Amino acid sequence: MHPDEPTISTALVRRLVRTQFPQWAALPVTPLASGGTVNAVHRLGDDFTVRLPRTAGGAADVAKEERLPATLDGLPVAVPVVAGIGEPGEGYPWPWAVHEWLDGEPAVEGHPFAPEALAEFVLALRTTKADGPPAYRGGPLALLDHATRDAVEALRHTDEPFDASAALTVWSEALEAPSDTNCWVHGDLMPSNLLVHNGHLTAVLDWATAGLGDPACDLIPAWNLLTEATRPAFRDAVGADDAAWARGRGRALSMAVIQLPYYRHTNAVISANARYVLAELGCGPKP
């Protein structure tokens, strides 16, 4: 998926667990299918997951995710709890983590979902009072302008059905929308990071991008998950004004056009979601 990514196998995970966490050495290790781009994930017994970063950048996030449970008390959903931090070993070059298992199934774009529950989570996170680092994607949209326009141009030269003019209109409107507020945001509310049960949000995963930033960062599920019919309920519940909504559209667009050229031949889940976003924004064909 990434250049120079280390080979991560079930056998490697077993060796790492056996040598560094002997109390769990007898537990079965099973690879989990995932659209994630940062970590390879295996289930460890019934109660844990093992997450091995695929890149050096992902490895730098291991310590950050270990600190989150103490920072983010009071959220209406579960968040990952780190049960142990592993060290490089067995030929694997970076730190890695064992997390407690969280029940639920990953959300899927376009499938039934309760948007009010998602809004409740977004609003609760926004009111977190703790200090935090800058969110990974939380700065001014202008910082993403060059990368977004380059990605639009890259998509224009592929065989993807894509309306570049419509995409640039969405992007220009987002850049023009004012913003003067920073708050806690997750920053990566992709469907695969949202666990659901019976259509209700139960847990939010992958907090490496979280921090203080533009609240519109957490509006992206309006286009990468919800439908035209459910989107208005989410907007009403989260209280997004016209400016925030325009920035949210722009952030969803930017993520999709950057992801699709990079992952369209290596990650079917991310590619399908990027195409869904473009369709919901009016920049690509509806399925």
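The rules behind each value
- Residues numbered from 1 in each chain as written.
- Predicted model: local features only at pLDDT ≥ 70, side-chain atom pairs only at ≥ 80, totals over all residues.
- Heavy atoms only, no water.
- Pairing = 2+ DSSP bridges.
- Helix = DSSP H or I, 4+ residues; strand = E, 2+ residues; numbered from the N terminus.
- Axes fitted to C-alpha atoms, helices over the stretch in contact; angles between N-to-C directions.
- Contact = heavy atoms within 4.5 Å.
- Core = buried A, V, L, I, M, F, W, Y, C linked by side-chain atoms within 4.5 Å.
- Buried < 20%, exposed > 50% of the residue type's maximum accessible area, 1.4 Å probe, protein only.
- Parallel < 35°, antiparallel > 145°, perpendicular 65-115°, else oblique.
- Left-handed = near helix turned anticlockwise from the far one by under 90°.
- 1 Å grid on protein atoms, 1.4 Å probe; cavity = no way out; pocket = protein on both sides within 12 Å on 5 of 7 lines; lining within 4 Å.
- Points joined across faces, edges and corners; volume = space filled by probe spheres on them.
- Nonpolar A, V, L, I, M, F, W, Y, C, P; charged D, E, K, R; others polar.
- Phe/Tyr/Trp six-rings, centres within 6.5 Å; stacked < 30°, edge-to-face > 60°.
- Lys NZ or Arg CZ within 6 Å of the ring centre and 35° of its normal.

Look at any regular strand and the pattern is simple: side chains alternate between the two faces of the sheet. The pairing of strand β6 (residues 105-106) with strand β8 (residues 194-197) spans 2 bridges and is antiparallel. Paired with Glu105 across the bridge in β8 is Val196. Bridge count between β8 and strand β9 (residues 200-204): 4 bridges; the pairing is antiparallel. The partner of Leu195 across the bridge, within β9, is Ala203.

Turning to the sheet that holds strand β4 (residues 82-86), a few remarks are in order. Whenever strands of a sheet pair, they do so through backbone hydrogen bonds, lying parallel or antiparallel. Reading across the sheet, the 5 strands line up as β1-β2-β3-β5-β4 and stay open at both edges, with antiparallel pairing between neighbours. In this open sheet, the two strands that pair with only one neighbour each are β1 (29-31) and β4. Taken over all neighbouring pairs, the strand axes of this sheet differ in orientation by 25° on average, direction set aside. Two elements, strand β3 (residues 48-53) and strand β5 (residues 96-100), share 4 bridges in a ladder whose sense is antiparallel. Paired with Phe48 across the strands is Glu100, a residue of β5. With respect to the sheet, helix α1 (residues 10-20) is in contact with β1, β2 (39-44), β3, β4 and β5, its orientation differing from that of β3 by roughly 110°.

This part takes up the nonpolar core. Phe121, Phe162, Leu201, Trp207, Leu219, Leu253 and Leu278 are the most contacted members of the largest nonpolar core, which has 58 residues in total. Every residue in contact with Leu253, bar those within four places of it in the chain, is listed here: Ala167, Val170, Trp171, Val277, Leu278, Leu281 and Cys283. Within the second largest apolar cluster, 18 residues are counted, among which are Leu12, Trp24, Val50 and Trp94.

Glancing now at the packing of helix α6 (residues 164-176) against helix α9 (residues 242-263). Relative to each other, α6 and α9 sit at 135°, their axes nearing to 8 Å. What the angle tells us is that α6 and α9 run oblique. In this structure, the crossing between α6 and α9 has a hand that is left-handed. Taking contact as the criterion, the partners of Ala167, Val170, Trp171, Glu173 and Ala174 in α6 are, on α9, Ala246, Arg247, Arg249, Gly250, Leu253 and Ser254.

The calculated volume of the second largest pocket comes to roughly 190 Å³. Forming the boundary of the second largest pocket are 14 residues, of which Arg126, Thr181, Pro215, Ala244 and Arg247 lie nearest the centre. Looking at the lining of the second largest pocket element by element, the count peaks at 3 residues for α9. Looking at the lining of the second largest pocket, its residues break down into 7 nonpolar, 3 polar and 4 charged.

Evaluation of the coordinates by the stated rule reveals 7 aromatic pairs. Ring centres of Tyr92 and Trp94 lie 5.8 Å apart, and the angle between their planes is 85°; on these two criteria the pair is classed as edge-to-face. For the pair shown, Tyr92 and Trp94 are each scored as buried. The structure contains a cluster of three or more aromatic residues connected by ring pairs, namely Phe21, Trp24, Phe48 and Trp96. Note that Arg43 overlies the ring of Trp101, its terminal NZ or CZ placed 3.5 Å from the centroid.

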